[in-house]
Amino acid sequence: MGGRSVGRALHALGLLLVLGFAVFPSYWMVTSSLKEQTDLLASPPVWFFRPTLANYLDIFADQRVTTAVLNSMIVSTATTVLAVLLGTPAAYALARFEFRGKKDLWFWFISNRMISPIRSIPPDLEQSARLEGANQFDIFWRIYLPLGAPGVAVSAIFAFIFSWNELLYALVLITSQGLKTAPVVATNFMSGYELPWGKIMATGTIIVLPVTVFALVVSRHMVRGLTMGATK
Amino acid sequence: MTSSATRSQDDRITATAGQTTAGNTKRRHHPGYGRWTPFWFLAPAVIALLMIGIYPTLFALATSFRRYNITRRADLLDGYPFVGLNNYIGVLTDQTFWDSLLLTGRFYLMVVPIQILLGICIALMLHRPGFGMLRAITRVSLVVPLATTYAVVGLVGRLIFNRDFGVANQMLGWLGIASSDWLGNPTGAFIAVAVMDIWQWTPFVALIFLAGLSMVPVDIEEAARLETKSHWALLRHVQLPYLLPGLTAVLILRSADILKLFDMVFVMTRGGPGSATDLVSVYVQRVGFKVFDLGVASAQAILLLILTILLSRLYIRVFYREID
């Protein structure tokens, strides 16, 4: 009996540790973005302080940051729409049809993640629709797309997150200041002698917040989507 | 297993469906759709991938056989002359390239086992009954590191591991460990970058293993729990087989990710101090866009591509056996 309650206590402690581990860096980023420079540079760092929104007011007044966030929005939305438009039919084909070279194509596609939800739709539906005279595109458009919507949503969110978080291509390919995306601008803060940590962390928070909220809302699906893409 | 079942079902139904869709019935065993149907559904995606995937690769391949430094005027005037395998020989005899590749391998060997070990522990804790609310919150919290922009992970890492006002030193101080200038010394920087990677990717590994654990049929797990009190025996004999496909996936995805790992390291250390965190992708980016030697950088990229393909071929061979 005693062993069991020790086990339960360890279980709870372990879970709390994992929770702390998972959210701490983000917590630290957000609280740092609410600190004044003196609090930021305090050594050792302070955990309790008078929060201020000054850093956010600064970055929203800075056109580089607002433009960059807008650019990121445009790029990510366009990428997502394109990925769904191209990926859904391909996922349908991979899930439902048999053809030569299928295995080779399989690993090319991130739309992998959609295939399993599409698979779970009973093929009888397709057959009865065909009996009613529906063509292949109708079947895809009227049956698979609505029923596969959760899978499509998960994939769309993945596409958005990947695109939003992308730095390397943006860093190398975009030279015009007005077209830079949010991660690039955040990186550009990291030069000079005295780093404006408050502004850097506020920008980081602004960048991370939308995707995190997005991901949290669909986290149940996200777990499914992630692992399906990985283990299938 | 499942696919062959649905297939035979398809075939059975096709026998009746085929009569209404004329033209599809010419070939025997034809499963109810036109021969070119898969093609039309796949074509847009394949064409897009060819344009954005194959074209740059071919361009890189062509560039890798030329002397192509965009800052050297002579190269431009000579029309970027063909130099055969010179760039490749240069890369393969470049000690820095091998060092960065070796460093990337060391990074993989340091980070991935920790992620797998922690990932299994976390998955087991999340799978174990009890504390429903806390478990749900913890599971959802794992999504936070995954969604965090890689470049921002680097920014936060620089703040946390700062010598003077970083919280890492403060926490180590609580444990009685002396503070150090993490990003200022080679070992410290390597560890700091590894810690941030472990933070970001352990949740991914944990979620994959959690999915594996939930695949164990409930009655089998219940029966095993009645048989033995040992968690270890349960893990070893009942749960482990269900974790193996996930393990393979983790090994594949993490090796590809680490070969491409750039954003976080670039922001956090720029490969330094010295070459302490000069992972191969950071080095290739520097050759290409700081030295502007596109010929050499392309040769490096092609070699890395070959390495990635070889690795994934190897994994896929193992992987497909797991699924079938």
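The present account deals with the structure reproduced in this document.

What counts, and at which threshold
Residues numbered from 1 in each chain as written. Chains lettered and ligands numbered in written order. Predicted model: local features only at pLDDT ≥ 70, side-chain atom pairs only at ≥ 80, totals over all residues. Heavy atoms only, no water. Helix = DSSP H or I, 4+ residues; strand = E, 2+ residues; numbered from the N terminus. Buried < 20%, exposed > 50% of the residue type's maximum accessible area, 1.4 Å probe, protein only. Contact = heavy atoms within 4.5 Å. Areas by Shrake-Rupley, 256 points an atom, 1.4 Å probe, with all protein chains shown as cover. Core = buried A, V, L, I, M, F, W, Y, C linked by side-chain atoms within 4.5 Å. Phe/Tyr/Trp six-rings, centres within 6.5 Å; stacked < 30°, edge-to-face > 60°. Lys NZ or Arg CZ within 6 Å of the ring centre and 35° of its normal. Patch = residues over 30% accessible without salt bridge, like charges linked within 9 Å, V, L, I, M, F, W, Y side chains within 5 Å. Salt bridge = Lys/Arg side-chain N within 4 Å of Asp/Glu carboxyl O. Axes fitted to C-alpha atoms, helices over the stretch in contact; angles between N-to-C directions. Parallel < 35°, antiparallel > 145°, perpendicular 65-115°, else oblique. Left-handed = near helix turned anticlockwise from the far one by under 90°. Nonpolar A, V, L, I, M, F, W, Y, C, P; charged D, E, K, R; others polar.

Observations concerning the overall build of chain A
For step 1, the next point in the chain: A count of helices and strands for chain A gives 13 helices and 0 strands.
For step 2, the next point in the chain: For chain A, the N- to C-terminal ordering of α and β elements is α-α-α-α-α-α-α-α-α-α-α-α-α.
For step 3, the next point in the chain: Looking at chain A as a whole, 50% of its 232 residues are labelled buried.
For step 4, the next point in the chain: In chain A, 61% of the contacts between residues at least 6 apart in sequence involve partners at least 24 apart.
For step 5, the next point in the chain: For chain A, the accessible surface area stands at approximately 11400 Å², while carbon and sulfur atoms represent 68% of it.

Topic: unusual backbone geometry
For step 1, the next point in the chain: Put simply, A:Ser43 and A:Pro44 share a cis peptide bond, and its omega is -5 degrees.
For step 2, the next point in the chain: Locating A:Pro44 in the fold gives a position in the loop between helix H2 (37-40) and helix H3 (54-61).
For step 3, the next point in the chain: With an omega of -5 degrees, the peptide bond running from B:Gly272 to B:Pro273 counts as cis.
For step 4, the next point in the chain: Notably, B:Phe131 is not glycine yet its phi reads approximately 50 degrees, a positive angle.
For step 5, the next point in the chain: Mapping B:Phe131 onto the fold places it in the loop between helix H5 (95-127) and helix H6 (132-141).

Overview of the nonpolar core
For step 1, the next point in the chain: Grouped together as the largest cluster of nonpolar side chains are 89 residues, with contacts concentrated most on A:Trp197, A:Met201, B:Phe107, B:Leu142, B:Ile160 and B:Phe161.
For step 2, the next point in the chain: With 16 residues, helix H10 (residues 186-214) of chain B is the largest single contributor of residues to this core.
For step 3, the next point in the chain: Setting aside residues up to four positions removed in sequence, B:Phe161 forms contacts with B:Ala168, B:Trp182, B:Leu183, B:Ala192, B:Val195, B:Met196 and B:Met268.

Focus on the environment of B:Arg254
Residue and element names in this part refer to chain B.
For step 1, the next point in the chain: Topologically, Arg-254 is positioned in helix H12 (residues 231-260).
For step 2, the next point in the chain: For the pair Arg-254 and Val-111, spaced 143 residues apart in sequence, the C-alpha separation works out to 9.5 Å.
For step 3, the next point in the chain: Ignoring anything within four residues of it in the chain, the contact list for Arg-254 reads Tyr-108, Val-111, Val-112, Gln-115, Asp-197 and Trp-201.

Regarding the packing of aromatic side chains
For step 1, the next point in the chain: According to the stated counting rule, one finds 13 aromatic pairs over all chains in the structure shown.
For step 2, the next point in the chain: Taking 5.8 Å as the distance between ring centres and 40 degrees as the angle between the ring planes, the aromatic pair formed by A:Trp47 and B:Trp174 counts as tilted. A residue pair is termed interchain when its members come from two chains, as with A:Trp47 in the loop between H2 and H3 and B:Trp174 in helix H9 (residues 167-174).
For step 3, the next point in the chain: On the basis of relative accessible area, A:Trp47 is assigned to the partly exposed category, the value being 25%.
For step 4, the next point in the chain: The ring of B:Phe266 has B:Arg270 lying over it, and the distance from NZ or CZ to the ring centre is 4.3 Å.

Examining the environment of A:Trp47
For step 1, the next point in the chain: Along the backbone, A:Trp47 and A:His11 are 36 residues apart, and their C-alpha atoms lie at a distance of 27 Å.
For step 2, the next point in the chain: The contacts of A:Trp47, once residues within four sequence positions are left out, are A:Phe24, A:Tyr27, A:Trp28, B:Val167, B:Gln170, B:Met171 and B:Trp174.

Comments concerning a nonpolar patch on the surface
All names here are of chain A.
For step 1, the next point in the chain: On the surface, a nonpolar cluster with roughly 420 Å² of combined accessible area is contributed by Val-6, Leu-10, Leu-13 and Leu-17.
For step 2, the next point in the chain: Following the sequence through the fold, Leu-17 ends up in helix H1 (residues 2-33).
For step 3, the next point in the chain: For Leu-17, a relative accessible area of 61% corresponds to the exposed category.

Overview of the packing of H5(B) against H10(B)
All names here are of chain B.
For step 1, the next point in the chain: Taken N-terminus to C-terminus, the directions of H5 and H10 make an angle of 45 degrees; their axes are 6 Å apart at the nearest point. One element, H5, and the other, H10, form an angle in the oblique class. Relative to H10, H5 is oriented so that their crossing is right-handed.
For step 2, the next point in the chain: In terms of residue class, the contact of H5 with H10 is built from 23 nonpolar, 5 polar and 2 charged.

Observations regarding the side chain of B:Ser281
Residue and element names in this part refer to chain B.
For step 1, the next point in the chain: In this structure, Ser-281 sits in helix H14 (residues 280-289).
For step 2, the next point in the chain: The buried category is assigned to Ser-281, whose relative accessible area is 12%.
For step 3, the next point in the chain: In this view, Ser-281 contacts Leu-259, Lys-260, Leu-261 and Phe-262; residues no more than four positions away in its chain are not counted.

As for the pattern of salt bridges
Any two side chains of opposite charge can pair, so long as their charged atoms come close to each other.
All names here are of chain B.
For step 1, the next point in the chain: With the rule as written, the count across this model stands at 5 salt bridges over all chains.
For step 2, the next point in the chain: Arg-163 is paired through a salt bridge with Asp-164; the nearest N and O atoms lie 3.2 Å apart.
For step 3, the next point in the chain: Note on Arg-163: relative accessible area 48%, which makes it partly exposed.
For step 4, the next point in the chain: Judged by relative accessible area, Asp-164 falls into the partly exposed class, the value being 41%.
For step 5, the next point in the chain: Its salt-bridge partner being Arg-286, residue Asp-278 comes within 2.8 Å of it at the nearest N-O pair.
For step 6, the next point in the chain: One continuous salt-bridge network, built from bridges that share partners, spans Asp-197, Arg-254 and Asp-257.

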